[in-house]
Amino acid sequence: MRPSSLLPALALLALSPTGLRAEEAQGEVRAKAEPAPTPRNFGNLRVGGSTANGNGRPELCLELSPVSFLSVEGCGTGSGFLHGDPEPEVAHFRTKLRLLSFDAEGWGTLQPFLAAGMAEAQVGEDDPGFQFNGTDARRVSTAGPEMGVGLRFLRPLASGFELVGDFNLGMAWLPHAPELVKPQDTWLPSASLSFGVGF
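Residues numbered from 1 in each chain as written. Predicted model: local features only at pLDDT ≥ 70, side-chain atom pairs only at ≥ 80, totals over all residues. Heavy atoms only, no water.

Caption draft 1: Representation of unusual backbone geometry. We note that R139 has phi near 55°; this positive angle belongs to a residue other than glycine. By secondary structure assignment, the location of R139 is in the loop between β6 (108-122) and β7 (141-156). Look at R139 and you get partly exposed, because its relative accessible area is 40%. Positive phi is not limited to glycine here, since S159 has a value of about 55°. Along the polypeptide, S159 turns up in the loop between β7 and β8 (162-173). Since its relative accessible area comes to 73%, S159 is described here as exposed. (Helix = DSSP H or I, 4+ residues; strand = E, 2+ residues; numbered from the N terminus. Buried < 20%, exposed > 50% of the residue type's maximum accessible area, 1.4 Å probe, protein only.)

Caption draft 2: Broad picture of the state of the cysteines. Going through the model one piece at a time under the given rule, you end up with one disulfide. Two residues share a disulfide in this structure: C61 and C75, whose sulfurs sit 2.1 Å from each other. Its S-S torsion of approximately 120° makes the covalent link between C61 and C75 right-handed. One end of the pair, C61, is in strand β2 (residues 59-67); the other, C75, is in strand β3 (residues 70-76), with 14 residues separating them in the sequence. (Disulfide = S-S within 2.5 Å.)

Caption draft 3: Expanded view of the side chain of D166. With respect to the element layout, D166 can be found in strand β8. Taking relative accessible area as the criterion, D166 reaches 2% and is therefore assigned buried. Within the structure, D166 has its side chain in polar contact with the side chain of K96 (distance 2.6 Å). Residues contacting D166, with those up to four places away along its chain left out, are R46, K96, F113, L151, S192, L193 and S194. (Polar contact = N/O pair within 3.5 Å; in protein donor to acceptor, adjacent residues only side chain to side chain. Contact = heavy atoms within 4.5 Å.)

Caption draft 4: Structural view of the pairing of β3. Relative to β3, β2 is paired through six bridges, and the arrangement is antiparallel. Paired with E63 across the bridge in β3 is E73. What sits between β2 and β3 in their antiparallel hairpin is a turn of two residues. Here β3 runs beside strand β4 (residues 89-98); their pairing, made up of six bridges, is antiparallel. In the sheet register, L70 faces β4, and the bridge partner there is L97. (Pairing = 2+ DSSP bridges.)

Caption draft 5: Seen up close, the pairing of strand β1 (residues 43-50). By the bridge criterion, six bridges tie β1 to β2 in an arrangement that is antiparallel. Its bridge partner lying in β2, G43 is registered against L64. Bridge count between β1 and strand β9 (residues 187-198): seven bridges; the pairing is antiparallel. By the bridge assignment for β9, S50 is matched with S192.

Caption draft 6: View of the environment of R57. Tracing the chain through its elements places R57 in the loop between β1 and β2. Look at R57 and you get partly exposed, because its relative accessible area is 36%. In the structure, R57 is positioned 32 residues away from E89 in sequence and 9.2 Å away in space, judged by C-alpha atoms. Once residues within four sequence positions are removed from consideration, R57 is found in contact with T77, H83 and D85.

Caption draft 7: How the structure looks around the pattern of salt bridges. Throughout the structure, instances matching the rule amount to nine salt bridges. Measuring nitrogen to oxygen at the nearest pair gives 2.8 Å for the salt bridge that ties E73 to R94. Taken as a pair, E73 in strand β3 and R94 in strand β4 lie far apart in primary sequence, 21 residues in all. Each member of the pair, E73 as well as R94, carries the same accessibility label: buried. Residue D166 is joined to K96 by a salt bridge in which the shortest nitrogen-to-oxygen separation is 2.6 Å. Here D166 is found in strand β8, whereas its partner K96 is found in strand β4, with 70 residues between them in sequence. Like K96, D166 is buried. Connected via shared salt-bridge partners are R46, E63, E73, R94, K96, E146, R152 and D166. (Salt bridge = Lys/Arg side-chain N within 4 Å of Asp/Glu carboxyl O.)

Here it is in structure tokens:
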């Protein structure tokens, strides 16, 4: 092989690492400039506390999100299947509409939301079903509408799982709560805070 034919090959070989380094540098710049994708939470299980419960038990929440901006959840202490504590408690069943989603530098994603649904107050062992037009036969439970606002926190963990935090402020209207065997207020404000894991 003549030396003149080797010159282009050597020049290409000498320039290749420089070209690769330049492409890598451009890729790193693009990665830093592009925002990280917002975590998409399909469901989560959380544990926390609520001012609406007088039995001192933790509140459990199960949330499912069929679409990214809308979710449904149920929260309560598990009365009737996890325990039979007769102390007053309130269960919440609500739909949550995400309003925004923004990143908090180095912390995670914050998502404010509106919530609407129903609350059920019980002051004894609960019977199946919900009583909106009065109380149950033993006058230990009644239900009514509830509205609220809240803030969800998402932080990616690993393998598609996220740490999920939820702070919720709500107001329930229970017109028949004063008729319970342990009378309760018609208007029931509540604040809850819970943390868990989702995917």
